[in-house]
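Below are the chains, spelled out letter by letter.
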Amino acid sequence: MRKTQELLSSLIFIFFTLYLAAANNVTYDHRSLIINGQRKLLISAAIHYPRSVPAMWPGLVQTAKEGGVDVIETYVFWNGHETAPGQFYFGGRYDLVKFVKIVQQANMYLILRIGPFVAAEWNFGGVPVWLHYVNGTVFRTDNVPFKHYMQTFMEYIVNMMKKEKFFASQGGPIILSQVENEYGFYEGAYGDAGKAYASWAANMAVSQNTGVPWIMCQQWDTPETVINTCNSFYCDDFKPSYPNMPKIWTENWPGWFKTFGSRDPHRPPEDVAYSVARFFQKGGSLHNYYMYHGGTNFGRTSGGPFITTSYDYDAPIDEYGLPRLPKWGHLKELHKAIKLCENAVLNNVPTTLSLGPLQEVDIYGDGLANCAAFIANMDDKNDKIVIFHNQSFHLPAWSVSILPDCKNVVFNTAKVGSQSSVVEMVTAELKSSGTSLAKDVKVSKWEVYVEKPGVWGNADFTHKGFVDHINTTKDTTDYLWYTISLHVDENEKFLKNGSTARLLIESKGHALHAFVNEVLHGSASGNGTVSPFKAQIPISLMPGKNEIALLCMTVGLSNAGAFYEWVGAGLTSVKIEGLNKGMLDLSNDVWTYKIGVQGEHLGLYKADGLNHVNWKSTPVAPKDQPLTWYKAVLDPPPGNEPVGLDMVHMGKGLAWLNGEEIGRYWPRKSSKKEECVHKCDYRGKFSPNKCSTGCGEPTQRWYHVPRSWFKPSGNVLVIFEEKGGDPSQIRFATRIFSSICSHLSENHPTFGIESTSKDEDANYRTKSTVQLKCPPSTRISRLKFASFGTPTGTCGSFTMGDCHDPNTTSSVEQVCLNKFRCSIELSEKNFNKDLCPGVAKSLAVEAVCS
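Parameters at a glance
- Residues numbered from 1 in each chain as written.
- Predicted model: local features only at pLDDT ≥ 70, side-chain atom pairs only at ≥ 80, totals over all residues.
- Heavy atoms only, no water.
- Pairing = 2+ DSSP bridges.
- Helix = DSSP H or I, 4+ residues; strand = E, 2+ residues; numbered from the N terminus.
- Axes fitted to C-alpha atoms, helices over the stretch in contact; angles between N-to-C directions.
- Phe/Tyr/Trp six-rings, centres within 6.5 Å; stacked < 30°, edge-to-face > 60°.
- Lys NZ or Arg CZ within 6 Å of the ring centre and 35° of its normal.
- Core = buried A, V, L, I, M, F, W, Y, C linked by side-chain atoms within 4.5 Å.
- Buried < 20%, exposed > 50% of the residue type's maximum accessible area, 1.4 Å probe, protein only.
- Contact = heavy atoms within 4.5 Å.
- Expected span 1.5 Å × (residues − 1).
- 1 Å grid on protein atoms, 1.4 Å probe; cavity = no way out; pocket = protein on both sides within 12 Å on 5 of 7 lines; lining within 4 Å.
- Points joined across faces, edges and corners; volume = space filled by probe spheres on them.
- Nonpolar A, V, L, I, M, F, W, Y, C, P; charged D, E, K, R; others polar.
- Disulfide = S-S within 2.5 Å.

**Structural notes on the sheet that holds strand E25 (residues 479–488)**
If you walk across this open sheet you meet the 6 strands as E24-E33-E25-E30-E27-E28, and the pairing is antiparallel. Looking at the sheet topology across the chains shown, the edges are occupied by strand E24 (461–464) and strand E28 (519–525). Direction aside, the axes of adjacent strands within the sheet are offset by 25° on average. With 4 bridges joining them, E25 and strand E33 (residues 590–595) adopt antiparallel strand pairing. The partner of Thr-483 across the bridge, within E33, is Thr-592.

Given below as structure tokens:
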């Protein structure tokens, strides 16, 4: 018995020894997080698990890691998990445990922003809609019901993570957790109750005893037990609330979101890199890209309202999972340069020296072995030459040069030398399953179901005047029918003189289609800036009874703002102009209501075919027909490339593949009158409207359909078209790199950035080198362009300059042809360096991979 007890004691000792060895102790001081006694300089990347699919998660995490990222960050999406009070879902895209395990298997850290309010352009800010209808609930304030449900969910998630041993204190990857989100912007609107709520939220989170620090972003009155952090395009001037806390940037926005009908915003890689370098120059220690991969708002998960189904965000990894070049590569090089400075930056007090009116250097170290420097030119117009340590340095405008040894520049934020690319969506006809492989084969059979406008089945209720749309549907659907009958006298003048009456509509939002006597007469909507709208729609009335049916729609619910849960939608006024009696106001009449459209109720989007509906089969799908459901059984597009659904010839609606929600589609065009740029000037502070493209074009043409949703054959595509389109023009499109490129000057600062040793200056003085890498399973098959000399242009549009080495193509082909990746030095061995004396030369290459 005694031996058994001794053995058991030994086993327990060994177990706890191993346990403690595996655990990570996460603390912090004024300089950084401290993990297992070591200060850490960390690069983090936001990837939201429900905005992609599980089959994509390993690739996304790996691409982030290859990009020099240490940490993955994600929100936890309350309304995706707690679908009803006490009823939880963690399957499919919402499999949080699986996502965290993938991060852990990649040997990366994780920041878990539990919230559970998240904003994030996500429907209702991530809070379940049902909570709004719990009696007496007010969101995000000192309110008993809200705090009860918030704490219950917080504890549920924390306990789930503890059970899986995911916190760093248990040996897992989670090094930080967040409670609430950007509440500081709105706290004042709630008065004393807001301040009390913020304090309660912080203390409630800390009481969870996770063993890792808690953070609150954009919260300026955190208690000393919670770190406050910065969200912005620039955070170099940010200072934590307490002197013992590190400087953390939870959201650096490398792009911006889109709304239906808006332009396409872009943030230049030079400016993103500048903001990151300035943050670390000024004492930052943990930086997170929001987003690093934006992904897709599948189904009805987008918020706003009017946020697009695409949440691409112009992020370093695009919506489809491909690295966005050159942004991804430029930031990868930046991360390498910053990591070379880690020891000096985290263990020395900086000295700041002025080098000019808008130029400065921050020096970490004594100038000897352990020294790093950041030289910044904050002038947003002019390049400058500065003198530092008796050396001359050329600084492009709005740039930072990084010197890991205080002598040699290894990276400048404005000099982009990494690989770029041309990305195309290559469309192909939809092909019915079981047909031949001929390229000209189209869909051989469509199945069609047309709905009748207005009330289907029995009316849900009648009401004198208008009800709020959201309070009525409770977001179970986008759709709500408002219907009324109108008697028109045969003596109305407009019936005799050929004129028309007009429907005058006012709405809180978001959109509507107006049907009179089952005919669509017009549509109207608000936009991402202003949800309410007014509309004047000419209508044709006939003598006698007329049926007016207004299909009102939400396009995502509000996701932020003080008291945002009370923002409504739906009609506020309906009048008819042009009658003999003058204006007829129907607003206070009795209206009949029906929630949703019939096809939703019948489950026409389901892939199992068990909806017991008599679809009409036709070889040619009818076009320009509203309220129509289309179904086709298809083969997947060939290849392994990511897939999008081209909906540019459709109107507005919803789409599904094999029962999976692709999401809302709406190829709504932005205004031609808005300002767009052909080439963005990276210099100067960025704002979302600075570098937009796509004026006069659809905000979103292609809709991501994950490859993992496809079967080898028999894929059921279902479309619900609200106002009319041409389904014969629907296409699958595969996303490919049609070209890869590099354009590098001979004086580009690529000084052995791969090196980790700084014993000799030679480690930083290698030749400028062009590097090309093909997508997986392809090789460089041909060159489209190659010139060493003074080429100009960008990837896909290079042109030769007056100076050109005629042997460039053969030199590059010799090194790169039929290779998956290649590197070619800008050296005398490869090129004629004596060409055009006194002229700064560069190498531009465009190649095709196949």
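Resuming the write-up.
**Here's the deal with the packing of aromatic side chains**
Going through the model one piece at a time under the given rule, you end up with 56 aromatic pairs. Above the ring of Tyr-234, the side-chain terminus of Arg-267 is found at 5.2 Å from the ring centroid.

**Focus: the nonpolar core**
General note: in soluble globular proteins, nonpolar side chains tend to be found buried as a group. One finds Ile-72, Met-161, Ile-175, Leu-334, Ile-402, Leu-645 and Ile-719 to be the most contacted residues of the largest nonpolar core, which totals 162 residues. It is helix H6 (residues 144–163) that provides the largest number of residues to this core, a total of 8 residues. Ignoring anything within four residues of it in the chain, the contact list for Leu-334 reads Ala-273, Val-276, Ala-277, Tyr-289, Ile-402 and Phe-411. In this structure, Phe-466, Leu-512, Leu-541 and Tyr-593 belong to the second largest nonpolar core, which totals 30 residues.

**Observations concerning the sheet that holds strand E10 (residues 214–217)**
The strand order E4-E5-E8-E9-E10-E11-E12-E14 describes a closed barrel built from 8 strands, whose pairing is parallel. Averaged over all pairs of adjacent strands, the angle between their axes in this sheet comes to 30°, without regard to strand direction. As paired elements, strand E5 (residues 71–75) and strand E8 (residues 109–115) share 5 bridges and run parallel to each other. Of the residues in E8, the one forming a bridge with Val-71 is Tyr-109. Running over the sheet, helix H2 (residues 57–66) touches strand E4 (42–47), E5 and strand E14 (286–293) and is turned about 155° from E4.

**Thoughts on helix H7 (residues 192–206)**
Taking 1.5 Å of rise per residue, 15 residues should cover 21 Å, and H7 covers 22 Å from first to last C-alpha, within 8% of that figure. Burial in H7 covers these residues: Gly-194, Tyr-197, Ala-198, Trp-200, Ala-201, Ala-202, Met-204 and Ala-205.

**Focus on empty space enclosed by the protein**
Inspection of the entire model under this criterion finds 1 cavity of 30 Å³ or more. As a volume, the largest cavity reaches approximately 40 Å³. What lines the largest cavity is simply Phe-260, Asp-478, Tyr-479, Val-555, Lys-652, Gly-653, Leu-654, Arg-664, Tyr-665, Trp-666 and Glu-722. Counting only elements with at least two residues in the lining of the largest cavity, the list comes to strand E37 (653–657) and strand E38 (660–665). Grouping the constituent residues of the lining of the largest cavity by class yields 6 nonpolar, 1 polar and 4 charged.

**Section: the state of the cysteines**
Considering all chains together, one arrives at 8 disulfides under this definition. What pairs with Cys-676 in a disulfide is Cys-695, and their sulfur atoms sit 2.0 Å apart. An S-S torsion of about 90° defines the bridge between Cys-676 and Cys-695 as right-handed. With Cys-676 in the loop between E38 and strand E39 (692–693) and Cys-695 in the loop between E39 and strand E40 (702–705), this residue pair connects regions lying 19 residues apart in the sequence. Each sulfur in the disulfide pair Cys-774 and Cys-849 lies 2.1 Å from the other. Taking the sign of the S-S torsion, -75° for the link of Cys-774 and Cys-849, the bridge is left-handed. Of this pair, Cys-774 sits in the loop between strand E43 (769–773) and strand E44 (780–789) while Cys-849 sits in strand E46 (residues 842–849), placing them 75 residues apart in sequence. Given a relative accessible area of 4%, Cys-774 falls into the buried group. Of all cysteine sulfurs, the one in Cys-406 lies closest to Cys-341, which takes part in no disulfide; the gap is 8.4 Å. The class of Cys-341 is buried, set by a relative accessible area of 0%.

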